[in-house]
Amino acid sequence: MSTFRERARLQLATPELARTIGHAMDVRAEARERVLDGVDVETMRAAARAIRAHTIANLPQYLERFSDAAEAHGASVFFASTAAEAVAHIRRIVREREGRLVVKSKSMVAEEIGLNEALARDGVEVVETDLGEHIVQIANERPSHITVPAVHKTRAEVRELFERVYGARLSDDPAEITRFARDVLRDRFLNADVGITGVNFAVASTGSLVIVTNEGNGRMCTSLPRVHIAVMGMERIVPSFRELSLLLPLLTASATGQRMTAYVNVVNGPRRTGEPDGPEELHIVVLDNGRSAMLPTEYRSVLHCIRCGACQNVCPVFRQVGGHAYGGVYGGPIGAVLAPLMDGFESAGDLPQASTLCGACSDACPVGIPIHELLIALRRDAGAERASLAERIGFALWGRLWSSSLGYRASVRVARLGQRLVARGGRIRRAPFPLSRWTADRDLPALAKRSFRERWRRAGGA
Amino acid sequence: MTCLVDVLYPEIAESAAALLADLGLGVDVPAAQTCCGQPALNAGHPGAARRTARTLLEAFERSEAVVAPSGSCAAMVRLHLPRLFHGTPEEAIARNLAAKTFELSEFLVDVLQVERIAGTFSATVTYHDSCHGLRGLRVGGQGRRLLEGIRGLRLVEMERSDACCGFGGTFSIRLPELATAMADDELDRARSAGADMLVGGDAGCLMHLAGRAARTGGPRPIHLAVLLAQARGLEVTGP
C-alpha cells in the first residue's frame with residue numbers, strides 16, 4: 001500500500017495535472033459565487049446544517065419511514081450492513097433477471113462497494129452513462145472528483161481515449177466528443193436489461209428517490225430498462241420535500257454553481273398498472289458500510305455530507321494533486337475524513353495529514369461540516385496508533401521542555417549552538433533529518449543571534 | 001510574541017512593539033510565555049499542546065489585551081485554547097485569555113480604531129491572507145487598510161489571495177514536495193500581479209515563501225509589522 005506522499009509525488013510529476021484541475025476548480029468556484037451572489041449564505045448554511053443534524057440524529061426512524069413509503073409504491077428495499085452484502089444482493093438480482101447489459105448512472109456508493117468489478121466478474125457488461133464517468137471507465141481509472149469524475153483529463157486525452165477504445169476519428173471539440181458518446185450510449189440504453197443509479201436524496205415522507213444529472217442519463221437508466229436498482233448510503237435521507245427545497249438547490253449551487261441541474265429526476269416506485277413506461281421492478285439498496293458506527297462518535301457530522309464536492313473545489317491540496325492521490329474512492333478534504341473512518345487507519349491513516357488545515361473546506365461546506373477540525377481530531381486518533389516513536393517522543397519532550405520559559409530558553413540556546421554546523425550567513429541550505437525535508441527545496445532561516453525576548457530585556461523593556 | 005517570531009524573526013516582534021508604543025500604548029512582554037501549542041495540537045498531540053499553552057495562561061493573566069503578530073497563533077488562542085482546556089480548572093482563564101487576544105492588524109484597526117498609519121515605503125506589494133487569520137478570525141481587510149495610508153506604496157491584488165501558501169505547520173515537513181508546489185503557485189501569482197513584495201501577517205507562511213523564493217527568485221515576503229514600522233521610520237533595537 002502506497003502512502004499519500006508517494007501518490008502525491010507521482011501526480012506532481014505531471015505539472016499539467018495541477019493546471020487542468022486548478023482551472024476546472026476555479027470555473028466551479030466562480031460559478032458558485034455567481035449563483036450565490038446576493039444570497040444569505042450563512043442563513044442557508046445554518047438551516048441546512050440544522051436539517052442534516054436533525055435527520056442524522058433521527059436516522060433510524062426516517063429510514064424506516066422511507067422504507068415503508070417506498071415499499072407502499074411497490075419498490076423493494078434492502079438494508080445492507082456491509083459492502084459485500086450490498087454487492088451480493090445486487091448480483092443476485094441481476095443474475096435472476098438474466099441481466100447481460102447494465103447501464104449505470106454515476107454513483108459514488110457503487111464505487112465504494114466495487115460494484116462494477118463484481119458484475120464484470122459475473123460476465124455482465126456494465127456501461128457508465130455519465131460522460132465523465134464513462135471516460136474514467138474506459139480509461140480503467142477511478143473518478144478523481146465526486147461530481148466531476150474526469151476532471152483530471154484534458155480534452156486531448158479524452159479524444160485519444162475515444163479514438164483508441166472506439167476506433168473513432170474525432171477532434172478536440174467537446175461538442176463533437178459528446179455527440180459521439182451520445183450515439184454510443186443511446187444504443188446501450190435501448191438494449192440494457194438493468195439500470196443502476198445512485199441517489200442524491202431519498203425523501204422519507206413519500207419514499208421518493210431524487211437523482212440529479214446534467215445529461216439526462218439518470219432518467220434513461222431509471223425508465224428504459226426492465227429493472228432499476230438504486231444504491232444509496234444510509235445518510236442520503238431527507239425528511240420531506242420541504243427540506244429538499246433547500247437542500248436540492250444548495251447541492252447544485254455548491255457542486256457546479258447551478259441553480260438547478262438540467263435534469264432532476266424523482267422516482268416514485270416502478271411502473272404501475274396502466275402506465276405506459278418505466279421499469280417493472282425497483283430495488284433500493286441502503287448501505288451502512290461503517291456509517292452507523294460513526295453515529296455515536298465526534299465524527300458524526302461527516303454523515304451530514306451531501307456529496308457536492310465543494311470542499312474539493314476549494315482545497316489547495318486537491319487542486320495540486322487531484323483525487324487519485326488520496327488512493328481511495330472519496331478524495332479531497334471530505335475523503336481525508338471518510339477514508340480513515342471507513343477503511344481504518346492502517347490504510348488511510350496518513351490522509352488527515354494531507355491538509356494544511358487552511359479551513360477553505362469548512363468555509364465552503366454548504367452544510368457546515370467542520371472538516372478541518374475533524375482532520376485535527378483524526379490526526380490525534382491516528383497518532384495514537386500510527387505516529388512514529390520518534391515523533392511521539394519528540395512532541396512529549398518538546399511539551400515538557402517548553403512548559404517553562406527556562407526550558408524554552410535552554411532549548412533555544414542548545415539549538416543555536418547546534419546550528420553553527422549548518423547555518424551560513426543567517427540561513428540554512430542543508431539541514432539534517434527531519435529538517436532536510438524542508439531544506440531540499442527551501443532555505444530555512446537560522447535562529448537569530450539574540451531572540452526577541454533577549455533583545456527586549458537588554459533594551460530595558462522588561 | 002509567538003515562538004517562531006521570537007527565535008527566528010525578532011525584528012517582527014520588535015516592529016509590532018514599536019508600532020504599539022508609537023500609538024501610546026504600554027507594551028509588556030511577559031517572560032513566562034513559550035508557545036501556544038498549535039504545532040502539537042495540529043500534529044495530533046493535544047497533551048503536549050496543553051503543557052506549552054499553559055505558560056500563556058499564566059503569563060497573560062493580568063494583561064489588558066494580548067496582541068500577536070500572527071493570525072495563526074491568535075486563532076489558536078481564541079478558538080482552540082478554550083476547547084483544549086475544556087473541563088479543566090484552567091478553562092475560565094483560557095476563556096478570559098481568548099476574549100482579550102487579537103491579531104496585530106485586527107487590534108490596530110478594530111480595537112484601537114486606527115484609520116491610517118502615515119509613513120513612506122516605496123514598493124509594489126501584494127497581500128497574502130493567511131488562512132487562520134482570514135478563515136479563523138475573519139481578519140483580512142485590516143492589513144490592506146493599514147497599507148493604504150503609506151506613501152509610495154502601491155497595493156496590487158493577486159489572484160486567489162486567500163489561497164493557502166502551503167506552509168501548514170508540520171505539513172511543510174511531512175509533505176514537502178506538495179508544500180513547495182503550493183509555494184511556487186503563490187509566488188507565481190504574486191509575480192503575475194506585478195508585486196515586488198508579498199506582505200503577510202504570519203511568520204510561518206512568510207518563512208515558507210521566503211525559503212522558496214531564496215531558491216527560485218520571486219517577490220520578497222515581508223511581515224506587515226516590519227513594513228509598517230519601517231514606513232513610520234520607527235527604530236527597532238537590533239541585535
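The structure displayed is predicted, hence computed values, not measured ones. (Residues numbered from 1 in each chain as written. Chains lettered and ligands numbered in written order. Predicted model: local features only at pLDDT ≥ 70, side-chain atom pairs only at ≥ 80, totals over all residues.)

### Focus: the overall build of chain A
Test applied: A run of H or I in DSSP becomes a helix once it reaches four residues, and a run of E becomes a strand once it reaches two; helices and strands are each numbered from the N terminus. Burial in this document is a count-based property: other C-beta atoms within 10 Å of a residue's C-beta are tallied, and the residue is buried at 20 or more, exposed at 12 or fewer, or partly exposed in between, with C-beta positions derived from the backbone. With C-beta atoms placed from the backbone, a contact is any residue pair whose C-beta atoms sit within 7 Å.
Across its full length, chain A carries 23 helices and 13 strands. If one aligns the C-alpha atoms of chain A with their principal axes, the spans along those axes are about 95 × 55 × 45 Å. Here chain A, with 462 residues, has 47% of them falling under the buried criterion. When contacts within chain A are restricted to residue pairs at least 6 apart in sequence, those whose partners lie at least 24 apart make up 71%.

### Remarks on the packing of helix 16 (residues 332-343) of chain A against helix 19 (residues 371-386) of chain A
Residues and elements named next belong to chain A. Put simply, the rule reads: The convention used is that axes are lines fitted to C-alpha atoms, helices contributing only their stretch in contact, and that angles between N-to-C directions extend from 0 to 180 degrees. Throughout, a crossing is termed right-handed when the near helix is turned clockwise from the far one, and left-handed when it is turned anticlockwise from it by less than a right angle. Note on residue categories: nonpolar means Ala, Val, Leu, Ile, Met, Phe, Trp, Tyr, Cys or Pro, charged means Asp, Glu, Lys or Arg, and polar means any other residue, Gly included.
For the pair helix 16 and helix 19, the least separation of the axes is 10 Å and the interaxial angle reads 35°. Here helix 16 runs over helix 19; the crossing is left-handed. Residues Pro 333, Ile 334, Ala 336, Val 337 and Pro 340 of helix 16 form the contact with helix 19, whose own contacting residues are Ile 371, Leu 374, Leu 375, Leu 378 and Ala 382. When grouped by side-chain class, the residues that make up the contact of helix 16 with helix 19 number ten nonpolar, no polar and no charged.

### Observations concerning the sheet that holds strand 10 (residues 281-287) of chain A
Residue and element names in this part refer to chain A. This is how it is decided: Any two strands are treated as partners once DSSP identifies two or more bridges connecting them.
Spatial strand order, 1-10-7-4-2-3: six strands in an open sheet with parallel pairing. On the outer flanks of this sheet lie strand 1 (76-80) and strand 3 (125-128), each paired with one strand and no other. The average angle at which neighbouring strand axes cross in this sheet is 20°, direction not considered. Judged from the five bridges that link them, strand 1 and strand 10 form a sheet pairing that is parallel.

### What to know about the domain arrangement of chain B
Residues and elements named next belong to chain B. For clarity, the cut-off: Residue ranges for the domains trace back to a domain assignment, done automatically or taken from a database.
You can read the domains of chain B as domain 1 (3-109) and domain 2 (116-232). Between domain 1 and domain 2, the C-alpha centre-to-centre distance is 22 Å. At the interface, 29 residues of domain 1 touch 24 residues of domain 2. Listed by contribution, the elements that provide at least two residues to the side of domain 1 that touches domain 2 are helix 1 (3-8), helix 2 (10-22), helix 3 (38-43), helix 5 (71-84) and helix 7 (104-111). Here the side of domain 1 that touches domain 2 gets seven residues from one element, more than from any other, and that element is helix 2. Looking at side-chain class alone, the side of domain 1 that touches domain 2 contains 17 nonpolar, seven polar and five charged residues.

### Regarding helix 9 (residues 141-148) of chain B
All names here are of chain B. Spelled out, the test is: The arc in question is formed by the directions pointing from the helix axis toward the C-beta atoms.
Those residues of helix 9 lying buried are Gln 142, Gly 143, Leu 146 and Leu 147. One side of helix 9 holds all its buried residues, which, seen down the axis, span an arc of 140°. Elements that come into contact with the buried residues of helix 9 comprise helix 7, strand 3 (119-127), strand 4 (150-155), strand 5 (197-200) and helix 13 (224-232).

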